[in-house]
Amino acid sequence: MRDRVRRRVAAAASLALVTGSLALTPASPATAQTTTRQSQTVISGDARFQVLSPTLIRTEYSPGGRFADQDTHNVIGRDDFRPTRFTKRISKGWLTIDTGAATLRYRVGSGPFGKDNLTVRLTAGRQHVTAAPWAGQGTPECAAGALCEAEDLDLAGLSVAANHGDFTGQGFAAGFEGTGSALTFAVTPAAAGAQQLTVRYANSTGGDGQNVSRTLTVTVDGTAAGILTLPPTANWGTWALASAPLELPAGRHEIALVRTAADSGNVNIDSLALLPPGGAYPVPVQPGPQPCAFGTLCEADTGARAGGAKSADDHNGYSGEGFLAGLERTGAGVALTVTGVPAAGDYRVQLRYANGQAGSQPVQSRTVSVTANDGPAVTATLAPTSGWDFWRTQEVPLSLRAGTNTVALGCPTEASCHVNVDTVAVTARSAPLLAPHAPLGGYRRGLDGVDGGARTYAGLLFQDGWSLLDDSAVHTTAAHQDGYVFAYGQDYRRALRELSTLTGPTKLLPKWAYGVWYSEYYDRTAAEFQDIVSRFKAEGVPLDVLVVDTDFKAPDKWNGWSIDKTRFPDWNAFAAELRRKGIRTGLNIHPSILGSDPLFPRAQEIAKGKLQRTGCNGGPDCHVFDFGDADQLKAYFWLHDQMNADVDFWWLDWCCDAARSSRTDITPDTLINQEYAKRTGFAFSRAYGSLQAGGYGNPGPVPTGPWADKRTTLHFTGDTISNWETLRFTVGYTPAESAATGLAAISHDIGGHTGGLQEPGSEPGSTKLPDDLYARWVQAGTFQPIDRLHSNHSDRLPWQYGEAAKASAKKFLNLRKKLQPYTYAAAVEATRTGTPITRAMYLAYPREPEAYATAGSQYLYGPDLLVAPVTTPGTTASTTVWFPPGSTWTDYFTGKRYRGGTTATITTTLDTMPVFVRSGAKRPG
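About the thresholds
Each chain carries its own residue numbering, running from 1 in the written order of its sequence. Side-chain atom pairs in this predicted model are given and counted only at pLDDT of 80 or more, local residue features only at pLDDT of at least 70, and totals for whole chains, interfaces and linings cover all residues. Working from all heavy atoms in the structure, the side-chain values ignore hydrogens and water. Secondary structure elements follow DSSP: runs of H or I of four or more residues count as helices, runs of E of two or more count as strands, with numbering from the N terminus. The globule rule used here is 2.2 Å times the number of residues to the 0.38 power, and the radius of gyration it is set against is calculated over C-alpha atoms. Note on exposure labels: buried denotes an accessible area under 20% of the residue type's maximum, exposed denotes more than 50%, and partly exposed covers the range between, all computed with a 1.4 Å probe on protein chains only. Note on contacts: a residue pair is in contact if any heavy atoms of the two residues lie within 4.5 Å. The criterion is simple. A nonpolar core is a set of buried Ala, Val, Leu, Ile, Met, Phe, Trp, Tyr and Cys residues joined through side-chain atoms within 4.5 Å. Note on ring pairs: Phe, Tyr and Trp rings are taken, using the six-membered ring of Trp, and paired if centres are within 6.5 Å. Classes follow the plane angle, with under 30 degrees stacked, over 60 edge-to-face and the rest tilted. Think of it as a cone above the ring: NZ of Lys or CZ of Arg counts as a charge over the ring if it is within 6 Å of the ring centre and within 35 degrees of the ring normal. Here, any two strands with at least 2 DSSP bridges between them count as paired. His residues and chain termini do not enter the charge count, which takes Lys and Arg as positive and Asp and Glu as negative. Salt bridge, as used here, is a side-chain nitrogen of Lys or Arg placed within 4 Å of a carboxyl oxygen of Asp or Glu. Throughout this description, a polar contact denotes any pair of N or O atoms lying within 3.5 Å of each other; where both atoms belong to protein, one of them has to be capable of donating a hydrogen while the other can accept it, and for residues adjacent in sequence the pair is counted only when both atoms sit in side chains. Axes here refer to lines fitted to C-alpha atoms; in helices the fit is confined to the stretch in contact. Angles between the N-to-C directions go from 0 to 180 degrees. Note on angle classes: values under 35 degrees are labelled roughly parallel, values over 145 roughly antiparallel, values of 65 to 115 roughly perpendicular, and the remainder oblique. Note on residue categories: nonpolar means Ala, Val, Leu, Ile, Met, Phe, Trp, Tyr, Cys or Pro, charged means Asp, Glu, Lys or Arg, and polar means any other residue, Gly included. Helix span, as expected, comes to 1.5 Å for every residue beyond the first. Summarising the geometry, the arc corresponds to the directions from the helix axis toward the C-beta atoms. Count a disulfide wherever a pair of cysteine sulfur atoms falls within 2.5 Å.

As a further point, take the overall build of the chain. Of regular secondary structure, the chain possesses 13 helices and 57 strands. Relative to the compact-globule value of 29 Å for 925 residues, the chain shows a C-alpha radius of gyration of 28 Å, a close match. For the chain, the C-alpha atoms occupy an extent of roughly 80 × 70 × 65 Å along the three principal directions. The buried share of the chain, reckoned over its 925 residues, is 60%. Within the chain, contacts between residues at least 6 apart in sequence are counted, and of these 73% link residues at least 24 apart.

So this is what it looks like as structure tokens:
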């Protein structure tokens, strides 16, 4: 599914072409930036193009030519690029701008940008790519009388989910939990007159604990036009229909379902249709098979499916709307009609596939059959990839006749397939492997509740080498299009460098932040923490940061804004003593306050009476903040000041309360993170969105995008489940998030947060992990941007485990300390160049198919360390490692060398893990 951002565009155009001179005119320092910007600008009527680099072009459309030159919250470095030489021309009604690396074409006078009037051409390796960056960016059309799936429409503050049954399409629009959340579509009725908007919805017990009729407001072209009342359904997997009458004038209209301040929301929408009054609700129509042209990439799930094969979208990294799944038995498969084969002969079928663990079966190579025109089958062996989110492209030879052919994929035996197939291409034998427009990496606001895997959202990098950073949402005029076309090809590191220049560099944290952290959601006193600190020293384990979770607060442990003197008689003396020992401190904050708190009356007065009583973890008399309101923001930080706490940072645990932001020009997390960074240098918080966008367990993207958080934030990814599957997921997630957003400082709960594999712990009410899981998670944490031991009442200290796990944890926590200068140097490089601390394999090896296939199990830590954390149980484990070509790789612990361009199985006990040093580099630590 493609995430869509609400956008209204106007049909206005002009035929005039204006451009500044390509030669730079000498200018005084005060005017140098303006002169440079003008010399890099081409104006065509209401469209403006600014060439920032050979691979980065700003595309802006504004009716009346009212262009924007000021910075936005996302974009702050537009003037920090060197001047770029380019050519421009108009021919046959098309404006062409050619930088040498990218060629942009715009049809003069054609109005707002779309799929038909603006393209960019580039090369990605040997592949020639033509892209339409603005395709699908407008409000989606829904034909009158047709059923339209909600997940395909424009979602603002909503997320797509599939965690309940009996929905149609690929999922449903979930939530309507925050004011302003909306679903929008465009429609052009055949004639003016009475219409009926009908939706298919589910309404059961919501997050507010109520099971009542809900309402949403229906708007037409931004004006309220009716109320949609949604009675309860039996459960969240039971769907019903509800309708609202509308009176529509002739022409095109944008219709939205909006949760206003007067609505209750908390419903899921599966689909909708605009019908004549009393019209029957349409039956979902499955799209028919699509032909596949020779030499082009085709989506595997758009062929004729059989035997249980289906379209799915429950993993990451695919292109299009989904991928082919369900290849689990004999007879399952897909047939594609391939057109335009130039002559009879031998060709190649390119399959982009993922092969992860299927149920309880071991990870193994799988086979598929490939046939042409009912001829003999060719069997293709598909090696494992590093999970279902990671893909490899493999070629299969096949003989074809000239013209049209039927190419089929099938399962030779019941156990053979068990793979997912994303794309299929039929090409000449000498053709390059074709990369689809599939995201590389992805991000989420948090991993709260993640149990082995989660859907992520696309960021900057795509495998075919281009993307659009759409900054339109920050403009007040809905018709204003403002987007930055990146055309980096396979130079992904250049893309991250230019993102860093355009939107600001990732935050460089203090050096101490790259050491060892400890925190635990467990009620402790100052004396008990001091005992733990002493034990760290006695055991010979380093400690750089101590974070105290929520139980220190009074009068309420969750919502209080005073320090409990029975736990911390003198916090500042406690913190000062730790600082003398080289240990920094942070305190947990929840953005809520009880009405009974002694500080509430003054906070409400500062907020001018605007704090909202919403109920939260502290009960119904709980008030939350609108960070977008200056008065409430002032009250919020006044409460921090009342603690009079000497801390190095605050931990904003914005996890379960209803705090929000009413501003639409800035992502809510970004807003509050920026405020924390002003006060303590950096924010320790979730990033990229808010609870308004999909809620706690299913956070969705927001229109303003993920681009600014990296300037301020250490990303706390939230409360994960403690099991092997989640450890495995985080191995690939950290470099994937950095690749998607450019944010280098990412912090997981080392050991996971709660649930999963738990045994009785060493303290009252506590648990512990199995020894092998604990040891392996600590090993992995050694090679993460932040090494933060944390849990929910679960042991994370080495001396709370058996001898082998204890020895392993002590060894690797000490290694983390030894690596601190190396890690800090990698962080400095990330801030300077945009290349993150944890580097997905494809950043360094973009032309190697294995770099994409192994991106879920191994990564580069800094420039010189190849890390493949163990993610399987047992005191002994075997891990498959791919060694990239061009270097020799030396085992960090044993000294054994491995030749680049090979794959090996590495066996380790709990005292080692697969870590390798690049040839020519000094062994760090």
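Grouped together as the largest cluster of nonpolar side chains are 115 residues, with contacts concentrated most on Trp571, Tyr636, Phe783 and Leu865. Among the elements that take part in this core, helix H6 (residues 630-643) stands out by supplying 7 residues, more than any other. If we ignore the near neighbours within four places in the chain, the residues touching Phe783 are Phe812, Leu815, Arg816, Leu819, Thr838, Tyr859, Tyr861, Leu865, Val867, Met913 and Val915. Counting residues in each nonpolar core, the second largest holds 39 residues, with Ala840, Ala868, Trp889 and Phe916 among its members.

A cis amide bond, omega 0°, links Ala554 with the succeeding residue Pro555. Within the secondary structure, Pro555 is located in the loop between strand E37 (553-554) and strand E38 (562-563). At Asn373, a residue that is not glycine, the phi angle is positive and equals roughly 55°. Mapped onto the elements, Asn373 comes out in the loop between strand E28 (366-372) and strand E29 (378-382). A relative accessible area of 24% places Asn373 in the partly exposed class.

Taken as a whole and judged by the stated rule, the model has 49 aromatic pairs. Geometrically, the ring pair formed by Phe637 and Tyr676 is edge-to-face, given 5.1 Å between the ring centres and 70° between the ring planes. One end of the pair, Phe637, is in helix H6; the other, Tyr676, is in helix H7 (residues 668-680), and 39 residues separate them in sequence. Through successive ring pairs, a cluster of aromatic residues spans Trp512, Trp517, Phe649, Trp651, Phe682, Phe684 and Phe716. The side chain of Arg105 reaches across the aromatic face of Trp94, ending 4.4 Å from its centre. Over the ring of Trp654 we find Arg445, and its NZ or CZ is 5.2 Å from the ring centre.

Next up on the list: the sheet that holds strand E57 (residues 915-918). Pairing is antiparallel in the open sheet, where 6 strands are placed in the order E50-E51-E52-E57-E54-E55. Each end of this open sheet is capped by a strand with a single partner; those strands are strand E50 (838-839) and strand E55 (897-899). Here strand E51 (residues 859-861) runs beside strand E52 (residues 865-867); their pairing, made up of 3 bridges, is antiparallel. Directly across from Tyr859, in E52, lies its bridge partner Val867.

Let us look at the environment of Pro291. Here Pro291 lies in the loop between strand E20 (267-275) and strand E21 (292-293). Owing to a relative accessible area of 58%, Pro291 belongs among the exposed residues under this scheme. Sequence spacing of Pro291 and Thr404 is 113 residues, and the spatial spacing of their C-alpha atoms is 9.6 Å. With near-sequence residues (within four places) excluded, Pro291 lies in contact with Thr337 and Thr339.

This part covers the side chain of Asp597. Position of Asp597 relative to the elements: it lies in the loop between strand E40 (592-594) and helix H5 (600-606). Despite its burial, Asp597 remains without a salt bridge, the nearest opposite charge being carried by Lys553 at 10.0 Å. A distance of 2.9 Å separates a polar atom in the side chain of Asp597 from the backbone nitrogen of Leu599.

So, about the pairing of strand E2 (residues 41-44). Direction of pairing for E2 relative to strand E3 (residues 47-53): antiparallel, over a ladder of 4 bridges. When the bridges of E3 are listed, Ile43 appears paired with Arg48. Here E2 hands over to E3 after 2 residues, with Gly45 in that stretch at a positive phi of 65°.

A word on the packing of helix H9 (residues 771-782) against helix H10 (residues 803-818). Closest axis-to-axis distance for the H9/H10 pair is 9 Å, and the angle between their directions is 5°. With respect to their mutual orientation, H9 and H10 come out roughly parallel. Packed against H9, whose contacting residues are Asp771, Tyr774, Ala775, Val778, Gln779, Gly781 and Thr782, the element H10 presents Ala805, Ser808, Ala809, Phe812, Leu813, Leu815 and Arg816 at the interface. Split by residue class, the contact of H9 with H10 holds 8 nonpolar, 4 polar and 2 charged.

Taking 1.5 Å as the rise per residue, helix H3 (residues 526-539) with 14 residues should run 20 Å; its terminal C-alpha atoms sit 20 Å apart, in good agreement. Listing the buried residues of H3 in full gives Ala526, Phe529, Ile532, Val533, Phe536 and Glu539. Burial along H3 is one-sided: seen end-on, the buried residues are contained in an arc of 155°. Opposite the packed face of H3, turned more than 90 degrees from it, sit the exposed residues Asp531, Lys537 and Ala538. The inward-facing, buried residues of H3 contact strand E35 (516-520), strand E36 (545-548), helix H4 (571-580) and H10.

Inspection of the entire model under this criterion finds 4 disulfides. In this model Cys411 forms its disulfide with Cys417; the gap between the sulfur atoms is 2.2 Å. Negative torsions about the S-S bond denote left-handed disulfides, and the value of about -120° found for Cys411 with Cys417 makes this one left-handed. Comparing Cys411 with Cys417, the two get one shared label, buried. Covalent S-S linkage joins Cys616 and Cys622, the inter-sulfur distance amounting to 1.8 Å.

Right, let's get into the environment of Gln490. Residue position: Gln490 is located in the loop between strand E34 (481-486) and helix H2 (492-503). Sequence-wise, Gln490 and Val51 are 439 residues apart; in three dimensions their C-alpha atoms are separated by 20 Å. Not counting chain neighbours up to four residues away, the residues in contact with Gln490 comprise Ala124, Gly125, Pro846 and Arg847.

Turning to the environment of Leu147, a few remarks are in order. Relative to the helices and strands, Leu147 is located in the loop between strand E9 (127-131) and strand E10 (148-149). Judged by relative accessible area, Leu147 falls into the buried class, the value being 19%. For the pair Leu147 and Pro735, spaced 588 residues apart in the sequence, the C-alpha separation amounts to 39 Å. Once residues within four sequence positions are removed from consideration, Leu147 is found in contact with Ser271, Leu272, Ala273, Tyr281, Pro282 and Pro284.

The strand order across the open sheet formed by 5 strands is E5-E6-E7-E8-E9, and the pairing between neighbours is antiparallel. Strands with a single pairing partner mark the edges of an open sheet, and in this sheet they are strand E5 (87-91) and E9. Within this sheet the neighbouring strands show an average axis-to-axis angle of 15°, counted without direction. Taken together, the 5 bridges between strand E6 (residues 94-98) and strand E7 (residues 103-107) define a ladder with antiparallel strand orientation. In the strand pairing of E7, Asp98 is matched with Thr103.

Along an α-helix, a turn takes 3.6 residues, which lines up residues three or four apart on a common side. For helix H11 (residues 820-833), built from 14 residues, the straight-helix expectation of 20 Å at 1.5 Å per residue is met to within 8% by its first-to-last C-alpha distance of 20 Å. Taken together, the buried positions of H11 are occupied by Gln820, Tyr822, Thr823, Ala826, Ala827, Glu829, Ala830 and Thr833. Positive phi appears at Gly834, one or two residues downstream of H11, with a value of about 90°.

As enumerated under the stated definition, the model contains 45 salt bridges in all. In this structure, Arg579 and Asp648 form a salt bridge, with 3.3 Å as the shortest nitrogen-oxygen distance. Residue Arg579 is found in helix H4, and its partner Asp648 is found in the loop between H6 and strand E43 (649-652); the two are separated by 69 residues along the sequence. Of the residues examined, Asp648 reaches a relative accessible area of 13% and is grouped as buried. A salt bridge links Asp864 to Arg918; the shortest N-O distance between them is 3.8 Å. On the criterion of sequence distance, the pair formed by Asp864 in the loop between E51 and E52 and Arg918 in strand E57 is long-range, its members being 54 residues apart. Judged by its relative accessible area of 17%, Arg918 falls in the buried class.

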